[in-house]
Protein chains: 4
Amino acid sequence: MFQVGIIGAGRIGKLHAEHIQRTSMARVRSVSDVDIQNLDSWATSLHIPVVTDNYQDLLQDPEIGAVFICSPTSTHSTIIQEAAQAGKHIFCEKPVSFSVETTELALQAVREANVMLQVGFNRRFDHNFKKVRDTVQGGVIGQPQVLRITSRDPEPPSAEYVAKSGGLFMDMMIHDFDMARYVMQSEVVEVYAQGANLIDPKISEMNDIDTAVVLLTFANGAIGIIENSRKAVYGYDQRIEAFGSKGSIATENDRPSTAVISTSDGVMMDKPLYFFLERYAQAYVQEIEDFFRSIQGEFPIVCNGNDGLQAERLARAAKESLVAGRPIKLNHMNVLEAM
Amino acid sequence: MFQVGIIGAGRIGKLHAEHIQRTSMARVRSVSDVDIQNLDSWATSLHIPVVTDNYQDLLQDPEIGAVFICSPTSTHSTIIQEAAQAGKHIFCEKPVSFSVETTELALQAVREANVMLQVGFNRRFDHNFKKVRDTVQGGVIGQPQVLRITSRDPEPPSAEYVAKSGGLFMDMMIHDFDMARYVMQSEVVEVYAQGANLIDPKISEMNDIDTAVVLLTFANGAIGIIENSRKAVYGYDQRIEAFGSKGSIATENDRPSTAVISTSDGVMMDKPLYFFLERYAQAYVQEIEDFFRSIQGEFPIVCNGNDGLQAERLARAAKESLVAGRPIKLNHMNVLEAM
Amino acid sequence: MFQVGIIGAGRIGKLHAEHIQRTSMARVRSVSDVDIQNLDSWATSLHIPVVTDNYQDLLQDPEIGAVFICSPTSTHSTIIQEAAQAGKHIFCEKPVSFSVETTELALQAVREANVMLQVGFNRRFDHNFKKVRDTVQGGVIGQPQVLRITSRDPEPPSAEYVAKSGGLFMDMMIHDFDMARYVMQSEVVEVYAQGANLIDPKISEMNDIDTAVVLLTFANGAIGIIENSRKAVYGYDQRIEAFGSKGSIATENDRPSTAVISTSDGVMMDKPLYFFLERYAQAYVQEIEDFFRSIQGEFPIVCNGNDGLQAERLARAAKESLVAGRPIKLNHMNVLEAM
Amino acid sequence: MFQVGIIGAGRIGKLHAEHIQRTSMARVRSVSDVDIQNLDSWATSLHIPVVTDNYQDLLQDPEIGAVFICSPTSTHSTIIQEAAQAGKHIFCEKPVSFSVETTELALQAVREANVMLQVGFNRRFDHNFKKVRDTVQGGVIGQPQVLRITSRDPEPPSAEYVAKSGGLFMDMMIHDFDMARYVMQSEVVEVYAQGANLIDPKISEMNDIDTAVVLLTFANGAIGIIENSRKAVYGYDQRIEAFGSKGSIATENDRPSTAVISTSDGVMMDKPLYFFLERYAQAYVQEIEDFFRSIQGEFPIVCNGNDGLQAERLARAAKESLVAGRPIKLNHMNVLEAM
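Numbering of residues starts from 1 in every chain and runs along the sequence as written. Each chain gets a letter, beginning with A, and each ligand a number, beginning with 1, in the order they are written. With pLDDT at 70 or above as the cut-off, local features in this predicted model cover only qualifying residues; side-chain atom pairs require 80 or more to be listed or tallied, and sums for whole chains, interfaces and linings still use all residues. The basis for the side-chain values is all heavy atoms of the structure; hydrogens and waters are excluded.

Chain A goes by Inositol 2-dehydrogenase in an unreviewed UniProt entry, where it is assigned to Paenibacillus glucanolyticus. Quoted straight from UniProt, the Sequence similarities (unreviewed entry) entry for chain A says "Belongs to the Gfo/Idh/MocA family." UniProt positions are given in the numbering used here, feature names are shortened, and annotations may be inferred rather than shown by experiment.

Take helix 5 (residues 100-113) of chain B next. Residues and elements named next belong to chain B. Given a rise of 1.5 Å per residue, 14 residues ought to cover 20 Å, and the 20 Å separating the end C-alpha atoms of helix 5 matches this to within 8%. The inward-facing, buried residues of helix 5 abut helix 4 (73-85), strand 5 (89-92), strand 6 (117-119) and helix 13 (305-324). Secondary structure elements are taken from DSSP: a helix is a run of H or I of four residues or more, a strand is a run of E of two residues or more, and numbering for both begins at the N terminus. Directly beyond the C-terminal end of helix 5, a positive phi value near 60° is found at asparagine 114. Each residue after the first adds 1.5 Å to the expected span of a helix. By the convention used here, residues are in contact when the closest approach between their heavy atoms is within 4.5 Å.

Summarising the element assignment, glycine 305 of chain D is placed in helix 13 (residues 305-324). When residues no more than four places from it in sequence are discounted, the contact partners of glycine 305 of chain D are Leu107, Leu117 and Val119 of chain D.

Moving on to helix 9 (residues 173-184) of chain C. Residues and elements named next belong to chain C. The end-to-end C-alpha separation of helix 9 is 16 Å, in line with the 16 Å expected for 12 residues at 1.5 Å each. For the exposure calls, accessible area comes from a 1.4 Å probe over protein chains only, and a residue counts as buried if that area is under 20% of its type's maximum, exposed if over 50%, partly exposed in between. Summarising burial for helix 9: 12 of the 12 residues are buried, a large majority. Within the sequence span of helix 9, burial applies to Met173, Ile174, His175, Asp176, Phe177, Asp178, Met179, Ala180, Arg181, Tyr182, Val183 and Met184. At the exit of helix 9 stands glutamine 185, carrying a positive phi of roughly 50°.

Bringing the packing of aromatic side chains into the picture now. For Phe, Tyr and Trp, where Trp contributes only its six-membered ring, two rings pair if their centres lie within 6.5 Å, and the inter-plane angle classes them as stacked under 30 degrees, edge-to-face over 60, or tilted in between. If you walk through the whole model with that rule in mind, you get 50 aromatic pairs over all chains. Residues phenylalanine 291 of chain A and phenylalanine 292 of chain A carry aromatic rings whose centres are separated by 5.4 Å and whose planes lie at 55° to one another, so their mutual orientation is tilted. Judged by relative accessible area, phenylalanine 291 of chain A falls into the buried class, the value being 0%. Given a relative accessible area of 0%, phenylalanine 292 of chain A falls into the buried group. Each member of the aromatic cluster is reached from another via a ring pair, and the members are Phe129, Tyr236, Tyr274, Phe275, Phe276 and Tyr280 of chain A. In this scheme, the term charge over a ring applies when either NZ of a lysine or CZ of an arginine sits within 6 Å of the ring centre and within 35 degrees of the ring normal. Lysine 14 of chain C extends its terminal NZ or CZ atom over the ring of tryptophan 42 of chain C, reaching a point 5.7 Å from the ring centre.

A word on the interface of chain D and chain A. Listed as interface residues are 36 residues of chain D and, on the opposing side, 36 residues of chain A. Between chain D and chain A lies a buried interface of about 2800 Å² when both sides are counted; carbon and sulfur atoms form 61% of it. Two parts lose some accessible area (1.4 Å probe) when they are put together, and adding that loss for both gives the buried area. When the area that chain D buries against chain A is broken down by residue, the three leading residues are Gln194, Ile223 and Phe243 of chain D, summing to 19%. The term salt bridge refers to a side-chain nitrogen of Lys or Arg lying within 4 Å of a carboxyl oxygen of Asp or Glu. Our count for the chain D to chain A interface comes out at 6 salt bridges. Between glutamate 241 of chain A and arginine 239 of chain D there is a salt bridge, with its nearest N and O atoms 2.9 Å apart. Under this definition, polar contacts are N or O atom pairs within 3.5 Å; protein pairs additionally need one hydrogen-donor-capable and one acceptor-capable atom, and for neighbouring residues in sequence, both atoms have to be side-chain atoms. Our enumeration of links across chain D and chain A arrives at 6 residue pairs in polar contact (both at pLDDT 80 or more).

When the copies are superposed, the least-squares fit draws on C-alpha atoms of residues that have pLDDT of at least 70 in both. Superposing chain D onto chain A takes a rotation of 180° plus a shift of 0.0 Å along the axis, which leaves an RMSD of 0.0 Å. Both chain copies can therefore be described as sitting about a two-fold axis. Across chain D, the smallest distance between a C-alpha and the rotation axis is recorded for arginine 326 of chain D, namely 2.8 Å. An overlap of 100% is found between the interface residues of chain D and their copies at the interface of chain A, pointing to a shared contact surface.

Under the present numbering, the feature "domain: Gfo/Idh/MocA-like oxidoreductase N-terminal" (unreviewed entry) in UniProt falls on residues 2-121 of chain A. Helix makes up 42% of residues 2-121 of chain A and strand makes up 22%, while its end C-alpha atoms are separated by 22 Å.

So, about the UniProt feature "domain: GFO/IDH/MocA-like oxidoreductase" (unreviewed entry) in chain A. Those places that UniProt annotates as "domain: GFO/IDH/MocA-like oxidoreductase" (unreviewed entry) correspond, in this numbering, to residues 129-249 of chain A. Between the C-alpha atoms that bound residues 129-249 of chain A the distance is 10 Å, and the span itself is 31% helix and 36% strand.

The next thing to look at is the relation of the copies chain B and chain C. Related by rotation about an axis and a shift along that axis, the two copies of the chain form a pair. In the superposition of chain B on chain C (RMSD 0.0 Å, axial shift 0.0 Å), the rotation amounts to 180°. Taken together, the interface assignments show that 100% of the residues at the interface of chain B recur at the interface of chain C, consistent with an identical surface on both copies.

We now examine the pairing of strand 8 (residues 188-196) of chain D. Residues and elements named next belong to chain D. Here strand 8 lies mainly inside the structure; 7 of its 9 residues are buried. A pair of strands counts as paired when DSSP detects no fewer than two bridges linking them. As paired strands, strand 8 and strand 9 (residues 211-218) are joined by 8 bridges and run antiparallel to one another. Residue glycine 195 lies in a different strand from strand 9, and its bridge partner there is alanine 212. Sheet topology note: the strand 8/strand 15 (residues 328-329) ladder contains 2 bridges and is antiparallel. For valine 191, the partnering residue across the bridge sits in strand 15 and is isoleucine 328.

A word on the sheet that holds strand 1 (residues 2-7) of chain D. All names here are of chain D. Spatially, the 6 strands line up as an open sheet ordered 3-2-1-4-5-6, and their pairing is parallel. Edge positions in the open sheet fall to strand 3 (50-52) and strand 6 (117-119), since each of these has one partner strand only. Averaged over all pairs of adjacent strands, the angle between strand axes in this sheet comes to 20°, irrespective of strand direction. As paired elements, strand 2 (residues 26-32) and strand 3 share 3 bridges and run parallel to each other. The axes are straight lines fitted to the C-alpha atoms, using for helices just the contacting stretch, and the angles between their N-to-C directions are given from 0 to 180°.

Shown next, in the form of structure tokens:
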């Protein structure tokens, strides 16, 4: 049984802790947060022995073999470097940082310490998206030609959240950039981004966008389309379609039930599962199970540091394209060599 | 080009006439009805040369090779006998009659005159039901084991209609009895009927039912289920499912569009096509085209006199079962010999 | 935290134990089985302190507040009576027994001891079926008129299992009898059963059937249809449709993913989730959570002893109807009074 | 009854003639084609009295009130001008021409002669697309924010066809440009096109593309995405999705039947209707009916000359964007004034 430390006990840190406690593979030994008020009763109910306001306690605990970094993005790179030096395997929430250079520092430390790093792109572990990846990889649709990802949130985040989010591309579409690479297994060589403010003026005031469509050109010649909206009134819209020389695969949203109600008003189905906690409940469990399996050597990390870095590069390129009003080329080869 | 006479210019007679005028295979030469007031302008618009209140005119017209009998059910058998004796091919609306003996008289005349008779079970020509029949016949679902037919009208007929209808089994479920034989290609050896009055008290007052479920036992051992309701508020519900040793085939309703609308209220689709004229528009065209092709010798009549007779026998057995409160066996062999 | 004893550590007993260990509401203190070889390592991995081959140990343990009876059906009634006398709350797998009288003895003991009894009709806790029940109860489809339940297993059980199963009606369709009462909230007053041997001759040799269709007449006048097959080659087929004066609600099967693959061969979707462990994974978790909540007084037992008894009565009536070849009436009132 | 002349008796010219002969609103009086060999028997079977190899005969026939221009695109503008001067109402296949200037000459003549001109964007009359347009127009999805159109052919055209086609944007995507304007009811102010050769090297040799994604910016701020492929092995893929502040509407493909076949291999549905003749059969009928109704004054032309012109402008802008590798702005106002 792995002993695990959780750094950052916000919503996602708590979620990971609860999932770990339910697996038969690991146990949470410590949890740290800058604010540990009100944390004790939660920790007790989960049988977590140690609560601390100093994450260094976790890094120095020799019993702990792996840490989950769930603190604010601005702290990720530093903690990764310290955890790597302390010899801990690392699960880090996305994005690793807002800057390619800062992320590369973290990856450098991980490589030097020879520990494992998994980045929290949870959607790779979702039953629908995994089916798409496996189907494309299995050659069922032949040579991929067009990829389309639709990703819409049920409602925009708070102004406070937006302010610290890094912007729509880095905060929201970064999941889709990662998904695009995961499904296509080909790097992106050009990005063209179009954005708009159609939903919430506050987002515009913070110099961010709420609606975006991005075109990707993959090294294999295929074209990718990512659609993002901060507000779909019918709920969390998470779909994908891959089209190729031998066919296509497309997924629909998951819904609370399969019921179809027919009345004189029409034929009605459930709305999609509300938001990411509901939609990706299974994926959050699977990603930590796979993390521990990778540490045990069963298979390579499904979403490693380079995956984190590449998605961040795409997010930055999209921002640059939006500002410049023209497509941006990515010199992919150099970066891979640098890795 | 076949020259055709239409006997009975009610809704269905007019529909057939319009479809015939659009084909390249036949033309309507005459139409007869007991009430020819207001019929002239309709006939003129369709380029129908002759309108008469005496159907004998049609039978005696040597130019006419085929007649469509769309008059009230009570007149069908007599007119079939006369038309057969006049050497005309015959398309007759369902049911041939309300009595097995009366129907057999008509079939006898058809056999003796060596003309062709097609009974108007239009659903055999529907794209969905035909796909089910062809799939079952092709062995895709293996040995059929269970057949389910759902057939619900959008609203109950008028009291006048019910009074002359012959009852739910003979008027409405007769289509489903025919469909059951068409799909299963096996005769029914036992019928158990359950009925209820849940919709309209007037129907009950006329000694008829508005809701029914009938179980069929086929000669091949399979079980059939037919559901009928006189009122589905969401529209005309016409579905079928056949289940067998190698799989199943099930059809959904046709709808005016495939659009799915998602709002904060839910996810909504169109209701089914409203009623039989909309739902079976393509089937009505196909059945007359196939009728003329059969006359030309391309293939046997898809729905012949025996098919009409057998469906009527099932309707009568269902009625008998409902009254008796127990299953009714059908001595199928004897009847076939009698044929 | 409730301390729980598990009686019978077969597949379903183990499943319940694992679910209980994951909840925050209860812990498994003891597990008993006639064969405790190989049970220790499983119990240790789940932190279950006590393993015994004598279920009396559990009944006499004052720490234990509730027992889960997962032993063979033939032992249920006796153990229920003993557990009730020991003051334990009881969760008992279905059916309580194969005989109405034996079940009534158990229920009598439960009433006298004033403990709670939940019967393991897990489908009441399934997201799809619960949605149907809630929708019908909420009046959305108006007055229910027809209920249809389709329930097909992916493959027939072993000969050994069939021999002890109590027959298709008592072993398999009993879930559907319970579902019919749960959704309709009306008792069944007449049963007509039709059965066939179309799948596996061994089942026939054991005097059981593998295919069945049963018609139910509810006290409220509605008609129910239950379809069972021991073998659907495409997987576990679990659907329901309720039709009423204001509309209908129908559920589809759950599938591993929502992916739709389109190739030159056709448009393909996933098969349904394979069997009951996959299909009802969420329902198994929910039913024990609800059991503990009921014990805590949050709401009445969702599926109580009378529910168990009524489903068994319907199973017996179906068997009687099949043998007699005619519908069987249930004198529902007397039974309720006897309760 | 309108008397109609058909100019150009290729596949689409014949189709229109057949549809006209079936309506009750018009009759085909003449048909012209440069090659009238083998045309007589077809014309006779449709009761078309006159066949000529000189379309001027039609223009000079005072009985003829409307002409259908179904000749090659290069001839459209000239014939439109001549037909307008002859006082005929005009239905012209798309595109009007390959050059904005040439199209404007035709439109100028139409305006001066005060005749009606309908351009053959048949998809405006399709049941699914019309539902989308009406739903968006009705405000059901609120303020439109993103529009997505997927349009894939089942197989690439012949090299001969491609050579004369005007290229993918002018030949194929022009339908989608029109659809975008029809649904959004807002003009496009910027176009960014990305294209690829992924299917057929012959298309590349002819300096054309076979795969394209185009982004549109609408005057109302919304973003549009059009996807085109010359080869979808599963058939003709024609879908649309409009997303807005109050919800979304999305259509699925039409299929030959609604049947779902479940076997041990999976769950299978029909492929989409094969190609445009099957998919838009109803739309082709509707567009000519609406044309005659517009001539009668029932409602304005649904797809007029300006609609034709604007779609052509978008096709040209897309080509320009593809060549330049950057977005192209459209000075929409000036063009409208020029109209």
